Amino acid sequence: MRLVQYILKNDPQGMRHLGVRVGEEIVNMQSIRKGVPNTLLEMLTTHKNFLDEVETMPMDQFKERVTINQVNLLPPISGSDKVVCVGMNYVDHCEEQNCPVPEEPIFFSKFSTTLVGPFDPIPYPKMTKELDFEVELAFVIGKKGKDIPISSAMDYVLGYTTAHDVSARDWQLKKNGGQWLIGKTMDAFSPIGPHIVTKSEIPDPHNLAIKCHVNGVTEQNSNTGQIIHRVDKLVSFLSQFCTLLPGDIILTGTPPGVGVFRKPPLFLKKGDVVECEIEKIGLIRNEIV
Ligand code: MG
């Protein structure tokens, strides 16, 4: 099942909707059952059983639909309590930097105000001069958990989405006392989407082609098979420290090819178009404005 949040282009009030994407069309959740929440976060928090039920329903029976070009897609999940990222989590990305593979996951975080839709613009922040790109596989937590054993970790995963971990390298690496936070959490620094693909459709998230194109040139090209600390391990490990909540997003790290390690470095500028793409999930496209 592919979950989307959207507004109708012809709705002056811009009311938010939650839907199931079927090909080039969307079935509104509220046409499946009246009165259910119109955000994925609320759906996960109060109507998770309904969501599980929808997954088993044949969508053919729901004729009330809009087409994808009638809507503006929002981030498929928003208002998350946590947006957690993992650094140095691809074997080939560590090799690129001549760094040993980390024995434990390296976590950092972004605020949920970084989340934007799959085709939204990214305003060039006035505070940086070194804007960089990172395509990442992200997964979304479906239910609350703490101290989750690795054997049941996947029960807590709702599904997967394509993410862009936009980064301001000057603030990440040279300023702010070595803390990555500011360099990673400027507004619009986490475009995600175009939908969340529930985990039943992707039995193995560690065998997906993952690419990033800048102005049509492929700058990152790898496979999620290069991921060091895998989805179940990340869920289990992180939950030893903090309670995971429905809607939490975890970005699993980026493959090689990011701009900062090029000689000379390749940083983004206004007008650049970044496309992040993951096999079986989809492509997001964001222009720097
Ligand atoms: Mg990253």
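Small disclaimer: the values here were computed from a predicted structure and weren't measured.

(A) Looking closely at the overall build of the protein. Each helix and strand in the protein was counted, giving seven helices and 18 strands. Computed over its C-alpha atoms, the radius of gyration of the protein comes to 18 Å, within 12% of the 19 Å expected for a compact globule of 289 residues. Over its C-alpha atoms, taken along the principal directions, the protein stretches across nearly 55 × 45 × 30 Å. For the protein, buried positions account for 55% of its 289 residues. Looking at the protein alone, contacts between residues at least 24 apart form 73% of all its contacts between residues at least 6 apart. Surface summary for the protein: the accessible area is close to 12,600 Å², and the carbon and sulfur share equals 52%.

(B) Quick look at the sheet that holds strand E17 (residues 273–278). Strand order in the open sheet made by the four strands is E15-E14-E17-E18, with antiparallel pairing throughout. Across the chains shown, the open sheet's two edge strands, defined by having one partner strand only, are strand E15 (217–223) and strand E18 (282–287). Averaged over all pairs of adjacent strands, the angle between their axes in this sheet comes to 10°, without regard to strand direction. Examined bridge by bridge, strand E14 (residues 209–214) and E17 share five bridges and lie antiparallel to one another. Residue Lys 211 lies in a different strand from E17, and its bridge partner there is Glu 277.

(C) Main features of the packing of aromatic side chains. The full count for this structure, using the stated rule, is three aromatic pairs. Centroid distance Phe 107 to Phe 237: 6.2 Å. Interplanar angle 25°. Geometry classified as stacked. Of this pair, Phe 107 sits in strand E7 (residues 106–110) while Phe 237 sits in helix H7 (residues 231–238); the two residues are 130 residues apart in sequence, bridging distant segments of the chain. Residue Phe 107 is classed as partly exposed on the basis of its relative accessible area of 25%. Residue classification places Phe 237 among the buried residues on the basis of a relative accessible area of 18%. Ring-pair connections join several aromatic residues into one group, and the members of that group are Phe 107, Phe 237 and Phe 241. The ring centre of Tyr 156 lies 4.7 Å from the NZ or CZ of Lys 143, which sits over that ring.

(D) The nonpolar core, seen in detail. Counting residues in hydrophobic clusters, the biggest one holds 43 residues, and the most contacted among them are Phe 139, Tyr 160, Val 235, Ile 250 and Ile 281. Those elements giving two or more residues to this core turn out to be strand E6 (83–87), strand E10 (135–141), strand E11 (157–164), E14, H7 and E17.

(E) The arrangement of the environment of Thr 198 in detail. Note on placement: Thr 198 falls in strand E13 (residues 190–198). The exposure class of Thr 198 is buried, given its relative accessible area of 1%. Between the alpha carbons of Thr 198 and Ala 188 there is a distance of 24 Å; along the sequence they are 10 residues apart.

(F) Spatial organisation of the pairing of strand E2 (residues 17–22). The buried fraction of E2 is high, at five of six residues. Strand direction decides the pairing type here: strand E1 (residues 2–8) and E2, joined by five bridges, are antiparallel. Pairing of Gln 5 across the sheet is with Leu 18, part of E2. Sheet analysis places E2 next to strand E3 (residues 25–28), joined by four bridges and oriented antiparallel.

(G) Region of interest: the coordination of the magnesium ion. Here the magnesium ion is held by the protein donor atoms Glu 134 (OE), Glu 136 (OE) and Asp 165 (OD), which lie 1.9 to 2.1 Å from it. Positions of the donor residues of the magnesium ion, expressed as sequence spacing, correspond to E-x1-E-x28-D. Placement of Glu 136 in strand E10 and of Asp 165 in the loop between E11 and strand E12 (167–168) is noted, with a sequence separation of 29 residues between them.

(H) Expanded view of the pairing of E17. Both E17 and E18 contribute to a ladder of six bridges, which runs antiparallel. Directly across from Ile 278, in E18, lies its bridge partner Gly 282. A loop of three residues connects E17 with E18, the two strands running antiparallel in sequence, and Lys 280 in this loop sits at a positive phi of about 70°.

(I) Region of the structure containing the domain arrangement of the protein. Here the protein is described as being made up of domain 1 (2–73) and domain 2 (83–287). With centres defined by C-alpha atoms, the gap from domain 1 to domain 2 works out at 26 Å. Facing 11 residues of domain 1, the contacting portion of domain 2 comprises 17 residues. Here domain 1 meets domain 2 over a buried area of about 1,100 Å², counting both sides, of which 59% is carbon and sulfur.

The rules behind these values
Residues numbered from 1 in each chain as written. Predicted model: local features only at pLDDT ≥ 70, side-chain atom pairs only at ≥ 80, totals over all residues. Heavy atoms only, no water. Helix = DSSP H or I, 4+ residues; strand = E, 2+ residues; numbered from the N terminus. Rg over C-alpha atoms; globule rule 2.2 N^0.38 Å. Buried < 20%, exposed > 50% of the residue type's maximum accessible area, 1.4 Å probe, protein only. Contact = heavy atoms within 4.5 Å. Areas by Shrake-Rupley, 256 points an atom, 1.4 Å probe, with all protein chains shown as cover. Pairing = 2+ DSSP bridges. Axes fitted to C-alpha atoms, helices over the stretch in contact; angles between N-to-C directions. Phe/Tyr/Trp six-rings, centres within 6.5 Å; stacked < 30°, edge-to-face > 60°. Lys NZ or Arg CZ within 6 Å of the ring centre and 35° of its normal. Core = buried A, V, L, I, M, F, W, Y, C linked by side-chain atoms within 4.5 Å. Donors = N, O, S within 2.8 Å, 3.2 Å for Na, K, Ca; no water. Domains from an automatic or database assignment. Buried area = accessible area lost by both parts, 1.4 Å probe.

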